[in-house]
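What the coordinates show
What follows is each chain in one-letter form.
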Amino acid sequence: MTAVTDLSGAHAVYDVDRVRKDFPILGREIHGRPLVYLDSANSAQKPQVVIDAEADLYAHHYANVARAVHTLGSEATNAFEAARDTVAAFLNAPSRDEVVFTKNISEALNLLAYSFSNASTFPGAERFRLGPGDEIVVTEMEHHSNLVPWQLLAQRTGATFRWIPLDDEGRLVSAAIDEVINERTKVVSFVYQSNALGTINPVARLVARAREVGAISIVDAAQAAPHLPLDVQEIGADFVAFTGHKLYGPTGVGVLWGRYDLLAAMPPFLGGGEMIETVDMTGTTYAAPPHRFEAGTPAIAQVVALATAVEWVQGVGLDAIHAHEVALLEHALEVLPTVEGLHIVGPTTAVDRGATISFTLDGVHPHDVAQLLDERGIAVRAGHHCARPVCVRYGVAATTRASFAAYTTLGEIDALVAGLREVGEMFR
Ligand SMILES: Cc1ncc(COP(=O)(O)O)c(C=O)c1O
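Quantities reported herein were computed from a predicted structural model and do not represent experimental measurements. (Residues numbered from 1 in each chain as written. Predicted model: local features only at pLDDT ≥ 70, side-chain atom pairs only at ≥ 80, totals over all residues. Heavy atoms only, no water.)

1. As for the sheet that holds strand β16 (residues 356-361)
Pairing is antiparallel across the open sheet formed by 4 strands, whose spatial order is β15-β16-β19-β18. Two strands bound the open sheet, and with one partner strand each, they are β15 (342-345) and β18 (381-383). Recorded for the sheet is a direction-independent mean angle of 35° between the axes of neighbouring strands. Examined bridge by bridge, β15 and β16 share 4 bridges and lie antiparallel to one another. Its bridge partner lying in β16, V345 is registered against S358. Together, β15, β16 and β19 (399-403) form the strand contacts of helix α14 (residues 410-427), whose direction differs from that of β16 by roughly 15°. (Pairing = 2+ DSSP bridges. Helix = DSSP H or I, 4+ residues; strand = E, 2+ residues; numbered from the N terminus. Axes fitted to C-alpha atoms, helices over the stretch in contact; angles between N-to-C directions. Contact = heavy atoms within 4.5 Å.)

2. Some points on the domain arrangement of the chain
Quite often, the size of an interface is put as the accessible area lost when its parts meet. Segmentation of the chain into domains returns domain 1 (16-47 + 317-427) and domain 2 (95-270 + 284-292). The straight-line distance from the C-alpha centre of domain 1 to that of domain 2 is 28 Å. Taken residue by residue, the interface counts 39 residues in domain 1 and 29 residues in domain 2. Summed over the three residues of domain 1 that lose the most area to domain 2, namely L318, R393 and Y394, the buried surface amounts to 19% of that side. At the junction of domain 1 with domain 2, the criterion picks out 1 salt bridge. The partner of R393 in a salt bridge is D168, with the nearest N and O atoms 2.8 Å apart. Taken together, the links from domain 1 to domain 2 amount to 25 residue pairs in polar contact (both at pLDDT 80 or more). At the level of secondary structure, the elements contributing two or more residues to the side of domain 1 that touches domain 2 comprise α11 (318-335), β16 and α13 (388-393). Top element by residues in the side of domain 1 that touches domain 2 is α11. It accounts for 5 residues. Taken together, the residues of the side of domain 1 that touches domain 2 break down into 19 nonpolar, 12 polar and 8 charged. (Domains from an automatic or database assignment. Buried area = accessible area lost by both parts, 1.4 Å probe. Salt bridge = Lys/Arg side-chain N within 4 Å of Asp/Glu carboxyl O. Polar contact = N/O pair within 3.5 Å; in protein donor to acceptor, adjacent residues only side chain to side chain. Nonpolar A, V, L, I, M, F, W, Y, C, P; charged D, E, K, R; others polar.)

3. Remarks on the pattern of salt bridges
Pairing between side chains becomes possible if they bear opposite charge and their charged atoms approach one another. The tally for this structure, following the rule as stated, stands at 21 salt bridges. Put simply, R129 and E126 hold a salt bridge, and the shortest N to O gap is 3.9 Å. A relative accessible area of 28% places R129 in the partly exposed class. The partner of R171 in a salt bridge is E169, and the shortest N-O contact between them spans 3.2 Å. Taken together, the salt bridges that share partners define one network made up of E81, R84, D85, R96, D97 and E294. (Buried < 20%, exposed > 50% of the residue type's maximum accessible area, 1.4 Å probe, protein only.)

4. Some details on the packing of aromatic side chains
The final tally for this structure, using the stated rule, is 14 aromatic pairs. Consider the rings of F23 and W312, whose centres lie 5.2 Å apart with planes at 90°: the pair is edge-to-face. Separated by 289 residues along the polypeptide, F23 in the loop between α1 (16-21) and β3 (29-30) and W312 in helix α10 (residues 300-316) bring together distant segments of the chain. Here the two residues F23 and W312 agree in accessibility, since each one is buried. The structure contains a cluster of three or more aromatic residues connected by ring pairs, namely F23, Y248, W312 and Y407. Above the face of the Y114 ring, R156 is positioned so that its terminal group lies 3.9 Å from the ring centre. (Phe/Tyr/Trp six-rings, centres within 6.5 Å; stacked < 30°, edge-to-face > 60°. Lys NZ or Arg CZ within 6 Å of the ring centre and 35° of its normal.)

5. Concerning the nonpolar core
Generally speaking, nonpolar side chains in soluble globular proteins are found buried as a group. One finds F101 and L230 to be the most contacted residues of the largest nonpolar core, which totals 80 residues. Here this core takes 10 residues from α10, the largest share from any one element. Shared between two domains, this core takes at least three residues from each, and those domains are domain 1 (16-47 + 317-427) and domain 2 (95-270 + 284-292). The residues contacting L230, other than those within four sequence positions of it, are F90, L91, Y192, A221, A224, A225, I235, V240 and F242. Among the nonpolar cores identified, the runner-up in size contains 32 residues, and W150, A154, A159 and A241 belong to it. (Core = buried A, V, L, I, M, F, W, Y, C linked by side-chain atoms within 4.5 Å.)

Take a look at the structure:
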């Protein structure tokens, strides 16, 4: 057990039972068995305070934001903008105006890619213009959300799409980094922690190399945000994005953080209400960031509840959550390989690795594994996890993935192992 900060801020042993009490769904039974939820990398469950925050806004303070002068309009606007302050503080952002609310991280990454392709006609946006001879760099372990938008941008602009390859252990080929990111590179976008492999990438090195060659650096922190303290000033990248529903928050909301000078020079992504300064039939000028990138009515209640999720995480303490998850990870890496025929796809040690473990089981299709585990109340994900090139790289059609969170217990990992043993025996 680790000495950590508990919910009241006092030092205590991490009390996973107390954490679990915050999540009503964890009391459920599935097929007559207690729910063992090991699919948090897909989407995390929600503490009651988050559920209440969303309902409270609708029940007591709801109106559209930034438009209405009436009391409810200003209450909703204040709650919405207070959420921006909460997220800015969570990220240690130098300015609240650097926090853009999107509908998820997929939209945040598409926002960047589409804004960059609008740069060719936008005054002052030379820095974002791409064309033949320029290169966009990702890694071979990206989620499709951080891969397809850049392939599309390359197609629209004639730039070349490149990637840093994976080694046999599930890490980036270190020697390739300085060659793939070079003086032709304009954009480097990479995942902090892989959803398919669990790998934690050498963020500082990748950001430093991008800066060295004058490229824009973008960090997909979808899987990192729920597990690691995310300090954008320390990370040093130009943009960092995450998604609310993996951080114990609601669906329908994501965050793009960007350096203010860059956001201020970027063309808009979507056009619509509230992103303008003035509109004429002959042309439009645009609002300053963040509003330039928040066209239309935002996900008001979800943004407000995301702030509550951030506060919940801060209350438990990300350091405490991280220490708890490292203990879970170390246990899982010890016991999972004792299951006959099980092969981990990704790093097999806890070094630079998150608590998300993909694996195959000899002779059993991952979808059968997931379905048979579900019959035992255990929820895992099976498939390519929206990172198909990872499966191609390791020669598997799919994997089964177990992912842990603040509420996961050592006993649940043991239940997974027992379930996998039973499944393996059924097919032998
Ligand atoms: C690393 C990573 N990036 C991006 C995404 C996409 O998140 P969303 O569907 O919320 O946009 C995910 C979701 O699994 C992810 O794991």
